[in-house]
Amino acid sequence: MGAAVNDACANVSWLLGREALPQVADPDRPALRWTGHTRTYAELRQRALSLAHALRAQGLQPGDRVAVLVHNRGETFELYFACAFAGLTLVPINFRLVPQEVSHVLTDSGARVLFYDERLEDVVSGALATTAEKLSSIRLDAMTPGAAYDEMATGPQLVLDEIGHTDVHLVLYTSGTTGKPKGVMLSHRAIMWFALQQAASYPGMDQSCVTLITGPVYNTAGINESSIPTFLVGGTVAILESGGWTARKLADVIDAWSVTCGTIYPSMMGPLLEADRESPIELASFRFTATGGENCPHDLLARFRRRWSHISVAIGYGLTEGGIATFIRDDEMDAKPHSVGRAFPGSAFKVVDETGARVPTGTVGEVWMASPSQTMGVWGDLDAQHSVLRDGWVVTGDLGRVDEDGYLFIAGRSKDMIISKGQNIYSAEVESALSECPELLESSVIGVPDEEYGEAVCAVVVVRPGVDFGPDDLTSFIRSRLASYKKPRYVLFLDTLPRNPSQKVDKVLLRAQVTAGQMTPSPLA
C-alpha cells in the first residue's frame, strides 16, 4: 500500500491528479495555449487519459517507449501526460535531425510508437526505412491534430486500476556534437523535484502565471524546465511556434497572450533591444525571466535590465543531465558580474581537478553537480555512464572557479579551452571582453590551428548593421582589456553566428569550417 502511494506521488501524472484534478488546477483555466489552440485543465486530463488508454490498447506495456517528432505544439504535452498515466516512457525527438539521426534515436530507444508532424513526412519515411525494429506511426496534421490522433485522444479513458508506473519518464537525446546523440534518462522523481525547485525559486510562479516556452519543446528547456513547474502551480503553459523567429514576433506573442514569464535567452536579448530602437517594445505583462543555456554577457544583461526594469532577471546554470546547479538574481549581478551564482536550492556543485578532488578557492577546475533532479544515466550506453556520472556527481564538462563567497564563474567548456604556446586560455573570458564592444552585435571565440602557437584564439564576430568596424578596430578595442597571450590573433566576420538546436553558438561547426578551409579568418596585428 505504501509503495503504491509513493509511486503516485513520484509520478508526473500527479500534476493532473489520479482520481481527479488537484485543487490548484482550475478545470476551466487554460493549461496549454499554442497557435490556434487552447486546452483547459479538464480537457488536457481527459485527452491524456484517452491517449493512455489507446496506447495500452495497442499492446504497449509499462516501460515501453513512445517517440514524438513534431514542431512546437501542445500535443507533445498531451502525450507527455498520457505516457505518465500509462507507465510509458516519452522520447521527444529533435525535429531538425536528418533521417539517419532520427533512425538512430528510434533504434537506440527501442520506441514502439512514433507520433509525427506531417511536415516531417520525408524525414520520417527516410528514418523508418532504416530503423532496425518496425514500429507503428501516427501522423498529426500540420495545424490540427488530425483524425487518427483525435480519435485516440477522444476515445475511452484509462481507468484508475490500469494506471501504470515506470521509473524513467523521459529520454532526452543530446544534440550529439560529439558522436551520436545519447539518451539522457530522467525519472519521475527527478522531474517532480526539479519542478518543486523552480516553483519555490521563481517569483510569480502561481496559478495566475502564463509561462512562454520560447525554445524547442523537445529539449529540457521546453519539456522539463518552466513548463512542468507551471503545471504544478496550475498556471498556463504557452508555446511559441517553431520557425520564423523575430524579436517582434516574440513581443507580439507576449502581448497577445499576456505572458508573465519565460526564458529569454541572451541571443534573444540583443535582437529585442535592436527592435526596440526601431519601434518601442513594452513587454508590459512580462515579469520574470530565468535565462541561461549559453554565455550571458554582463553588458548585454545590464542593457536589457535597464530597458525593461520591471522584469526580474535571473541566470540559471545547469544542463540536461543535472537540472540547475547555480542561480543568481538581478540584485546580485552588479556585485558579482559574470557569475552564474551560488548553489540552486536543493542542488550542490563543486570544482575539481582531474582526480576529482576539490581545487582551492579561485582555482579553475571542472564543475561537477549533484541533485535529486539529476539523470539516472545514459539510455543503453554503459560506456557513456562514466563520462556523465562519477561517484554520484554529474560531470558537466565545464570549467569554472568559485570565489570566497561561493559564487561560481564559468571559464568555458573543457573542450573549448584553447592551449596556445602552452598557455591555457578560456574562451568565456575573451568572449566577455568582446561583449563590451558597442560596435558588435554578437561574438564568439574558438581555437584554430596555428603553426607558431599550435592553437590560436579566433574571434568570430557580427558587426552591427551600418557600422564600419574592421580588424584594426577590433585590435584597438581589445588591447587594453586582455593580457597579450589571451588576445585574438584572428578574426572572422559573419552576418550571423550559427546556432545548434539548443540555440547555443555552434562552435563545433565553426571550428570544422575553419579547419576545412571553408572559411578563412583574417590575421590581427
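Residues numbered from 1 in each chain as written. Predicted model: local features only at pLDDT ≥ 70, side-chain atom pairs only at ≥ 80, totals over all residues. Heavy atoms only, no water.

Asks: Help me understand the overall build of the protein, please; the structure alone is not making it clear to me.
Replies: Secondary structure summary: the protein contains 17 helices and 27 strands in total. The C-alpha atoms of the protein give a radius of gyration of 23 Å, which matches the 24 Å a tight globule of 525 residues would have. Within the protein, the fraction of its 525 residues that count as buried is 58%. For the protein, long-range pairs separated by at least 24 residues make up 69% of all intrachain contacts whose partners lie at least 6 apart in sequence. With the model as given, the accessible surface of the protein reaches about 21200 Å², and the carbon-plus-sulfur share is 50%. Each charge class in the protein was averaged separately, 45 positive and 62 negative side chains, and the resulting centres sit 2 Å apart. (Helix = DSSP H or I, 4+ residues; strand = E, 2+ residues; numbered from the N terminus. Rg over C-alpha atoms; globule rule 2.2 N^0.38 Å. Buried < 20%, exposed > 50% of the residue type's maximum accessible area, 1.4 Å probe, protein only. Contact = heavy atoms within 4.5 Å. Areas by Shrake-Rupley, 256 points an atom, 1.4 Å probe, with all protein chains shown as cover. Lys, Arg positive; Asp, Glu negative; His and termini not counted. Charge placed at Lys NZ, Arg CZ, Asp CG, Glu CD.)

Asks: Please clarify how the confidence of the model for the protein should be interpreted in this entry.
Replies: Low pLDDT means the predicted atomic positions in that stretch should not be read closely. In the predicted model, the protein carries a mean pLDDT of 91, and 96% of its residues have values of at least 70. Of the regions scoring below 50 in pLDDT, residues 1-5 engages in zero contacts with residues more than four places distant in sequence or in other chains. (pLDDT = per-residue confidence, 0-100.)

Asks: I'm lost on unusual backbone geometry in this one. Help?
Replies: Leaving glycine aside, a negative phi is the common case for residues, and trans is the common case for peptide bonds. Of note in the backbone geometry, S226 takes a positive phi value of approximately 65° without being a glycine. In this structure, S226 sits in the loop between helix 8 (220-223) and helix 9 (227-233). Phi at D391 takes a positive value of approximately 55°, unusual for a residue other than glycine. Of note, D391 is situated in the loop between strand 19 (389-390) and strand 20 (393-402).

Asks: In this structure, what is going on with the nonpolar core? I would like to understand it.
Replies: For soluble globular proteins, nonpolar side chains are generally found buried alongside one another. Formed by 53 residues in total, the largest nonpolar core has its most connected members in F77, Y80, L90, F115 and F231. If one sorts the elements of this core by residue count, helix 3 (residues 75-86) sits on top with nine residues. Excluding anything up to four places from it in sequence, Y80 contacts V12, L90, H169, L170, I191, I223 and I228. Counting 46 residues, the second largest nonpolar core, distinct from the first, contains Y265, I328, V351 and V394. (Core = buried A, V, L, I, M, F, W, Y, C linked by side-chain atoms within 4.5 Å.)

Asks: Help me understand the environment of Y149, please; the structure alone is not making it clear to me.
Replies: Here Y149 is to be found in helix 6 (residues 147-153). Take Y149: its relative accessible area is 0%, and that puts it in the buried class. Sequence separation between Y149 and A251 is 102 residues; the distance between their C-alpha atoms is 32 Å. Residues within four places of Y149 in sequence aside, it is in contact with R47, L51, E75, E78, L79, F115, I138 and L140.

Asks: What's the story with the side chain of T76 in this structure? I'm lost.
Replies: The residue T76 is located in helix 3 in this model. The residues touching T76, leaving out its near neighbours within four places in the chain, are V68, V70, L90, V217 and I223.

Asks: Could you clarify how one ought to interpret the sheet that holds strand 24 (residues 440-450) in this entry?
Replies: Hydrogen bonding along the main chain pairs the strands of a sheet, whether they run parallel or antiparallel. Sheet architecture is open: four strands sit in the order 24-25-26-27, paired in mixed fashion. Every other strand in the sheet has two partners, leaving strand 24 and strand 27 (522-523) as the edge strands with one partner each. Across two bridges, strand 26 (residues 490-493) lies against strand 27 in antiparallel orientation. Each residue of the ladder has a partner; that of V491, found in strand 27, is S522. Sheet strands touched by helix 17 (residues 507-515): strand 24, strand 25 (454-463) and strand 26. Its angle to strand 24, the strand with the most contacts, is close to 50°. (Pairing = 2+ DSSP bridges. Axes fitted to C-alpha atoms, helices over the stretch in contact; angles between N-to-C directions.)

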